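# Fold and geometry: a report
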Amino acid sequence: MITDVNNAAEQACGRPRADLIGTELSAHFIEPALSRQAYQDAFRDGSVRDCALELRHHDGHTTPVAFNASVYRDPGGRVLGVFAAMRDLTHIKRAESVLRESEERLRALFDNAPVGIDHRTPSGEFVRVNPRFCQLTGYAADELGSLGPRDLIHPDDLGADLANTRRLLAGEIDTYTMEKRYLRKAAAWSGPR
C-alpha cells in the first residue's frame, strides 16, 4: 500500500496525493502482477533495479518507467517498507524507436543499392556486403568472409587501393575515389601476388 508520494508521482499518475495514499502500488501499472513482483523482489532481496514497467495515468495514457526500490528499516533492522522511485523512459524509448527506424532505412538502402557496397574492417576483412557486390564479384556473402582485398582486387589496381586505404585510416584523407577492377570468382587471378 502506498504510504506517501511526491509531486512527480502525483503528476505521473494524474491523481492528487490524497487519492494515491492507501492504494495498492500495483494498481497504477498496466501489468499489476509484474509491478507486484518487482516490489516483492525488493522485500525479498533488499532492492530491485531498473525493472521495466508501464505506469498508467488517470486519463488512460501510459508512461514507460524504470522502477527502482529499496527496503528501509528501523534501527533494530526490522523492515518498515519499501522506498520506490521511477524514472520516466519516454524520451529514451522515443530515441530508440527513431534509431531503429533509421537503421532499418539504412539497411534497406544498403541492401537495395544499385551499386556494390562492402563494409570492411581496417585490416580488410569483409564485415558485410550487399547483394549487388555479390553479383559483381560472383561470390556469396559467406564466401567473402574468408577473403580480403588481395583476393578480389586486380593486382594492377591493388597497390593504389591499399595506399589510399592506408591514407584514409591514417586520417590523411577523408575519402577517395578510384576505378579498380575486381576479379570475379570464376576468373580468379592465378599470377604472382
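These figures come from a predicted structure and were not determined experimentally.

Each value, and the rule that gives it
Residues numbered from 1 in each chain as written. Predicted model: local features only at pLDDT ≥ 70, side-chain atom pairs only at ≥ 80, totals over all residues. Heavy atoms only, no water. Helix = DSSP H or I, 4+ residues; strand = E, 2+ residues; numbered from the N terminus. Contact = heavy atoms within 4.5 Å. Pairing = 2+ DSSP bridges. Axes fitted to C-alpha atoms, helices over the stretch in contact; angles between N-to-C directions. Phe/Tyr/Trp six-rings, centres within 6.5 Å; stacked < 30°, edge-to-face > 60°. Buried < 20%, exposed > 50% of the residue type's maximum accessible area, 1.4 Å probe, protein only. 1 Å grid on protein atoms, 1.4 Å probe; cavity = no way out; pocket = protein on both sides within 12 Å on 5 of 7 lines; lining within 4 Å. Points joined across faces, edges and corners; volume = space filled by probe spheres on them. Nonpolar A, V, L, I, M, F, W, Y, C, P; charged D, E, K, R; others polar.

## Considerations on the environment of Gly46
- Mapped onto the elements of the fold, Gly46 is located in the loop between α3 (32-45) and β1 (47-56).
- Separated by 26 residues in the primary sequence, Gly46 and Tyr72 have C-alpha atoms spaced 8.5 Å apart.
- Those residues in contact with Gly46 that sit more than four places away from it in its chain are Asp41, Ala69, Ser70 and Val71.

## So, the sheet that holds strand β3 (residues 79-88)
- Taken together, 3 strands build an open sheet; the order of strands is β1-β2-β3 and the sheet is antiparallel. Since the sheet does not close on itself, it has two edges, and those belong to β1 and β3, each with one partner. In this sheet, neighbouring strand axes are inclined to one another by 30° on average, regardless of whether the strands run parallel or antiparallel.
- Inspection of the sheet shows β1 paired to strand β2 (residues 62-73) by 8 bridges, in the antiparallel sense. Opposite Glu54, over in β2, you have Pro64 as the bridge partner.
- On the sheet, α3 packs against β1, β2 and β3 and is oriented at approximately 160° with respect to β1.

## Focus: the pairing of β2
- Linking two consecutive strands that pair antiparallel, namely β1 and β2, is a turn of 5 residues; a positive phi of about 105° is found at Gly60 within it.
- Bridge count for β2 against β3 is 9 bridges, and the pairing is antiparallel. Note on β3: the bridge partner recorded for Val71 is Val82.
- Connecting the antiparallel pair β2 and β3 is a turn made up of 5 residues, with Gly77 showing a positive phi of about 95°.

## Digging into the packing of aromatic side chains
- On inspection of all chains with the given rule, the structure shows 3 aromatic pairs.
- Ring geometry for Phe126 versus Phe133: centroids 5.7 Å apart, planes at 50°, classification tilted.
- Judged by centre distance (5.5 Å) and plane angle (85°), the rings of Phe133 and Tyr182 are edge-to-face. Here Phe133 is found in helix α5 (residues 131-137), whereas its partner Tyr182 is found in the segment after α8 (155-169), with 49 residues between them in sequence.
- Here Phe133 falls in the buried class, since its relative accessible area comes to 3%.
- Judged by relative accessible area, Tyr182 falls into the partly exposed class, the value being 29%.

## What to know about the layout of surface pockets
- Within this model, the largest pocket holds a volume of roughly 780 Å³.
- Mapped onto the lining of the largest pocket, the elements with two or more residues apiece are α1 (7-13), α3, β2 and β3.
- Of the residues forming the lining of the largest pocket, the biggest block, 7 residues, is contributed by β3.
- The class makeup of the residues in the lining of the largest pocket is 21 nonpolar, 5 polar and 1 charged.
- Put simply, the second largest pocket is a space of about 450 Å³.
- Every residue lining the second largest pocket is counted, 20 residues in all, and those nearest its centre are Arg120, Asp161, Thr165, Leu168 and Tyr176.
- In terms of residue count, the dominant contributor to the lining of the second largest pocket is α8 (6 residues).

From the geometry alone we can't say anything about function, so treat these as descriptive.
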